[in-house]
Amino acid sequence: MAGIWIIAETREQAFELLGAGRSLAPGMGAALTAVVAAGSASPEECIARGADEVLLLAELSPGEPYGAHLPVLEQEARAASPGVILFSAAARGKELAARLAARLGAGLCSACTALSFDKGSGSVLMERIAYGGAAIQKLTSSAAPVVVTVPPRSFAPAEAADGRQGRTRELPAPPPSAVKIVDRKPREKAAKDIAEARVIVCAGRGFDKKEDLALARELADALGGELGATRPLTEELHWLPEDLCIGLSGVQVKPELYVGLGVSGQVQHMTGVRGARVVCAVNKDENAPIFALSDFGIVGNLYEVVPKIIEAMRK
Ligand SMILES: Cc1cc2nc3c(=O)[nH]c(=O)nc-3n(C[C@H](O)[C@H](O)[C@H](O)COP(=O)(O)OP(=O)(O)OC[C@H]3O[C@@H](n4cnc5c(N)ncnc54)[C@H](O)[C@@H]3O)c2cc1C
């Protein structure tokens, strides 16, 4: 079978993807090629961690987007015909993976958390989480190349070994891109990382307006905790920064105590709360799914219940 490519934008991505690639390489009997962005992992580091060949992407000028590399990647991939192309499922990796797959007419399997090679059928086997973590989907690709994205931290970084040998080649500069970056603005970020919080008060769509979140903040302060949110509050209403979103498309949390206020308890949210030790909920609907997943629940209007909890906490 043809080779395995990893395409990485950062050093961490390169090492993790090399770890993923190395889990496939022996079974496939394939060489491992690391395609790395300028200023990320060095060729020596990649070779020590298992790359047989390193292709160095040219440095981009300040206004050029990462996607400018696509024509060069397509040309090289067509010439080398790798069997598998691995990207990190980080923002730019996901974008580039989809665009490269489309250019190559290849299949794309996104967010794969396990990879193996079936010698009998000559197929790459992949696993990905489905239905908010309730199931594992198994995928088989018999066509080549298959483009695969791997969520960050799914594979251990490849270990370095002494004495490994490999080749390095610099790729040509990409042709001028029609897209230019004219401005960059930092994304609004939460001051603290809720993944590390011991107590989380999570605000849900049960809040009527942004100003009312002061109530959730007040409870979080009274409990010595941090504020979290469901996705509608961060992505649709933009009341809170995106890094406070808990769940499948947000952060996985492991607090000692999670308090959901006006949170219905849909699987995509609760999958991020699985690691919580104690789950409490305040919801005016006694049939809200969150109650089935809670250790303690109060059926009531959060605007009446929460001030009473805060008062009790202060006493
Ligand atoms: C692919 C995919 C990924 C997703 N990822 C995420 C994710 O990572 N995180 C996430 O949170 N969601 C995610 N979602 C969205 C998820 O399915 C739910 O839509 C979302 O979690 C619902 O948020 P909520 O509970 O705040 O709102 P709702 O479901 O609208 O629930 C609001 C709740 O508030 C209660 N309520 C209303 N007023 C009051 C009041 N005054 N007092 C008390 N209770 C009140 C209601 O009874 C209701 O139960 C995802 C969806 C998809 C399709």
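Residues numbered from 1 in each chain as written. Predicted model: local features only at pLDDT ≥ 70, side-chain atom pairs only at ≥ 80, totals over all residues.

> I'd love a proper account of the sheet that holds strand E8 (residues 135-141), names of residues and values included.
Working definition: the strands of a sheet are paired by backbone hydrogen bonds and lie parallel or antiparallel to each other. With respect to topology, 3 strands assemble into an open sheet ordered E6-E7-E8, the strand pairing being antiparallel. Of all strands in the sheet, those with a lone pairing partner are strand E6 (112-118) and E8, marking the two edges. On average, each strand axis in the sheet is inclined to that of its neighbour by 25°, with strand direction left out of account. Here strand E7 (residues 123-130) runs beside E8; their pairing, made up of 7 bridges, is antiparallel. Within E8, the residue paired with Ile-129 across the bridge is Ile-136. (Pairing = 2+ DSSP bridges. Helix = DSSP H or I, 4+ residues; strand = E, 2+ residues; numbered from the N terminus. Axes fitted to C-alpha atoms, helices over the stretch in contact; angles between N-to-C directions.)

> Got a sec to walk through unusual backbone geometry? Specific residues and values, please.
Note the cis peptide between Ala-144 and Pro-145, where omega equals -5°. Note that Pro-145 resides in the loop between E8 and strand E9 (146-150). Look at Ser-81: it is not a glycine, yet its phi comes out positive at around 45°. Of note, Ser-81 is situated in the loop between helix H3 (70-80) and strand E4 (84-88). Even without being a glycine, Ala-111 presents a positive backbone phi close to 55°. Tracing the chain through its elements places Ala-111 in the loop between strand E5 (107-109) and E6.

> Could you give me a rundown of the domain arrangement of the protein, with the residues and numbers involved?
For interface size, the figure often reported is the accessible area lost on association. Per the domain assignment, the segments of the protein are domain 1 (4-170) and domain 2 (194-314). Its C-alpha centre places domain 1 at a distance of 37 Å from the equivalent point of domain 2. (Domains from an automatic or database assignment.)

> Pulling in residues and values, what's your account of helix H8 (residues 302-314)?
Because each turn of an α-helix spans 3.6 residues, side chains separated by three or four positions end up pointing in the same direction. An ideal rise of 1.5 Å per residue puts 18 Å on 13 residues; H8 measures up with 18 Å between its terminal C-alpha atoms. Where H8 is buried, its residues touch helix H5 (213-223), strand E13 (257-261) and strand E14 (278-283). (Expected span 1.5 Å × (residues − 1). Contact = placed C-beta atoms within 7 Å.)

> Describe the packing of H5 against H8, and please don't skip the residues or the numbers.
Interhelical geometry of H5 versus H8 gives an angle of 25° and a closest axis separation of 10 Å. Considering the angle they form, H5 stands roughly parallel to H8. Once H5 is placed against H8, the crossing between them reads as left-handed. Across the interface between the two elements, Leu-215, Glu-218, Leu-219, Ala-222 and Leu-223 from H5 touch Val-306, Ile-309, Ile-310, Met-313 and Arg-314 from H8. Looking at the contact of H5 with H8, its residues break down into 8 nonpolar, no polar and 2 charged. (Parallel < 35°, antiparallel > 145°, perpendicular 65-115°, else oblique. Left-handed = near helix turned anticlockwise from the far one by under 90°. Nonpolar A, V, L, I, M, F, W, Y, C, P; charged D, E, K, R; others polar.)

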